[in-house]
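Spelled out from the first residue to the last, the chains are:
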Amino acid sequence: MTKIRIGLLFGGRSGEHEVSISSARAIAGALASDDNASKYEVHPFYIQKDGRWLSGTLPQQVLSTGKLLEIEQQVGQDDSSTSREFPNFNAVDVWFPVLHGPNGEDGTVQGLLKLMQIPFVGSGVLGSAMGMDKIAMKIAFAHAGLPQVKYVAVNRSEIWSNPCVFPKLCDKIEESLGYPCFVKPANLGSSVGISKVRSRAELEAALDSAASYDRRIIVEAGVIARELECAVLGNDNPQASTVGEISFNSDFYDYETKYTQGQADLSIPAKVSSAIISKIQEMAVQAFLAIDGAGLGRVDFFYVESTGEVLINEINTFPGFTATSMYPQLWAASGISFSELVDRLIQLALERHGEKS
Ligand SMILES: Nc1ncnc2c1ncn2[C@@H]1O[C@H](COP(=O)(O)OP(=O)(O)OP(=O)(O)O)[C@@H](O)[C@H]1O
Ligand SMILES: C[C@@H](N)C(=O)O
Ligand SMILES: [Mg+2]
Ligand SMILES: [Mg+2]
């Protein structure tokens with residue numbers, strides 16, 4: 001049987017580069033094990049932090065070690081090494097973009113892959129872009145009738161360009177949201193660039209910091225709530241997994257809490273009523289369809305136990321994908337193993353590619 005050549009794209013020009021390497025290692029492992037090994041052949045492509053694409057042995061080395069290349073191995077501007085290549089379209093049957101954050105999970109790479117006319121795993125241009133930008137996604141969620149926290153959308157120019165505008169912006173945020181509130185770059189993930197603020201001074205610093213990551217910034221009212229997540233799998237008729245809960249002792253679910261072993265606990269299924277589980281599953285599918293998601297997505301929720309309210313926080317169109325990540329664990333608890341999940345995602349990519357768009 002001729003094997004399907006999978007172009008495993010990882011790394012990327014985003015603050016979630018290291019997270020992508022971890023996800024790609026796990027997916028590469030799953031493609032090389034069980035039934036997948038006889039079906040698929042992995043061709044890794046590594047996008048360096050500076051945006052250069054590498055193929056050949058260096059990406060394999062990053063996958064094997066889980067570490068970034070040593071400086072002297074990195075392919076630079078004036079390096080004539082033949083390992084610096086733009087992807088060879090002919091060497092790949094299906095792309096598997098294991099990229100988190102901007103320049104990978106946001107429609108940019110998806111546009112390139114679509115132009116190549118080669119099937120790829122996950123959401124297309126629109127779904128990826130909508131799922132990355134927290135302002136755009138919230139507009140789509142509101143249109144779909146999904147409840148969410150109050151927020152203010154901000155443009156970097158209101159922070160950096162005119163000193164008269166900035167105090168007025170802070171006044172507006174204080175009046176409409178109060179404290180604590182969360183300041184976030186609209187296009188990022190893994191909590192990179194997010195601050196929880198409790199005072200005017202913290203708000204000013206947080207806006208300045210978020211503006212260094214993105215032109216578009218969102219400020220949200222802070223809620224005291226349990227954090228529940230639900231995985232979605234499919235194309236036009238997506239299915240929702242069981243629901244999981246994350247608990248931690250830190251102030252919020254920040255980068256360190258997410259990626260330091262032992263700092264956060266995952267509880268699957270979440271210890272909430274079956275009515276809340278069903279409600280979240282329904283909302284997760286609605287959110288996925290609202291942004292035109294495809295393949296996979298993890299939808300994050302706030303459950304305000306005192307009032308029974310469930311608020312949608314966000315969707316991630318390429319969620320963390322290591323063996324211990326919430327997305328594959330939710331499916332494992334719902335009866336789909338890690339390697340089966342990876343196989344299903346490739347089949348969904350082929351199915352979607354076969355449709356006219
Ligand atoms: N409005 C809010 N109220 C209370 N906590 C919040 C709020 N917004 C964010 N948080 C906290 O910050 C965390 C990260 O927020 P969010 O999920 O929006 O960021 P992200 O960078 O897209 O994360 P990821 O993509 O890794 O899930 C949440 O899991 C939660 O702990
Ligand atoms: C990878 C990270 N943005 C997540 O959602 O899991
Ligand atoms: Mg996110
Ligand atoms: Mg989140």
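Shown above is the structure to which this text applies.
Residues numbered from 1 in each chain as written. Chains lettered and ligands numbered in written order. Predicted model: local features only at pLDDT ≥ 70, side-chain atom pairs only at ≥ 80, totals over all residues. Heavy atoms only, no water.

A.B. asks: Can you lay out helix H6 (residues 134-143) for me, pointing to particular residues and giving the numbers?
C.D. replies: Taken across its 10 residues, H6 has seven buried, putting it largely inside the fold. Within H6 the residues assigned to the buried category are Lys134, Ile135, Ala136, Met137, Lys138, Ala140 and Phe141. If you check the start of H6, you find a side-chain oxygen 2.9 Å away from the backbone N of Ile135, and it comes from Asp133. Count one or two residues on from H6 and you reach Gly145, which has phi positive near 80°. (Buried < 20%, exposed > 50% of the residue type's maximum accessible area, 1.4 Å probe, protein only. Helix = DSSP H or I, 4+ residues; strand = E, 2+ residues; numbered from the N terminus. Polar contact = N/O pair within 3.5 Å; in protein donor to acceptor, adjacent residues only side chain to side chain.)

A.B. asks: I'd love a proper account of the sheet that holds strand E1 (residues 4-11), names of residues and values included.
C.D. replies: Taken in spatial order, the four strands line up as E3-E2-E1-E4 in an open sheet, and their pairing is mixed. Among the strands making up the open sheet, the edge pair consists of strand E3 (53-54) and strand E4 (94-98). For E1 and E4, the ladder comprises five bridges, and the chain directions are parallel. Counted as the bridge partner of Phe10 is Val98 from E4. Strands in contact with helix H13 (residues 338-353) are E1, strand E2 (40-47) and E4; relative to E4, the strand with the most contacts, it is inclined by about 125°. (Pairing = 2+ DSSP bridges. Contact = heavy atoms within 4.5 Å. Axes fitted to C-alpha atoms, helices over the stretch in contact; angles between N-to-C directions.)

A.B. asks: Can you explain empty space enclosed by the protein? Please cite residues and give values.
C.D. replies: Per the stated rule, a full pass over the model turns up one cavity of 30 Å³ or more. Pro97, Leu99, Gly104, Glu105, Gln110, Val121, Gly122, Ser123, Ser128, Thr317 and Phe318 are the residues that line the largest cavity. Residue composition of the lining of the largest cavity, grouped by class: four nonpolar, six polar and one charged. (1 Å grid on protein atoms, 1.4 Å probe; cavity = no way out; pocket = protein on both sides within 12 Å on 5 of 7 lines; lining within 4 Å. Points joined across faces, edges and corners; volume = space filled by probe spheres on them. Nonpolar A, V, L, I, M, F, W, Y, C, P; charged D, E, K, R; others polar.)

A.B. asks: Before we move on, can you summarise the site of ligand 2 with the specific residues and values?
C.D. replies: The local shell around ligand 2 consists of Glu16, His100, Ser190, Tyr259, Arg298, Asn316, Pro319 and Gly320. A distance of 2.8 Å separates a nitrogen atom of ligand 2 from a polar atom in the side chain of Glu16. With respect to ligand 2, the backbone of Gly320 contributes an N or O atom lying 2.8 Å from an oxygen atom. Here ligand 2, which alone exposes 220 Å², has 91% of that area covered by the protein. (Near = heavy atom within 4 Å. Areas by Shrake-Rupley, 256 points an atom, 1.4 Å probe, with all protein chains shown as cover.)

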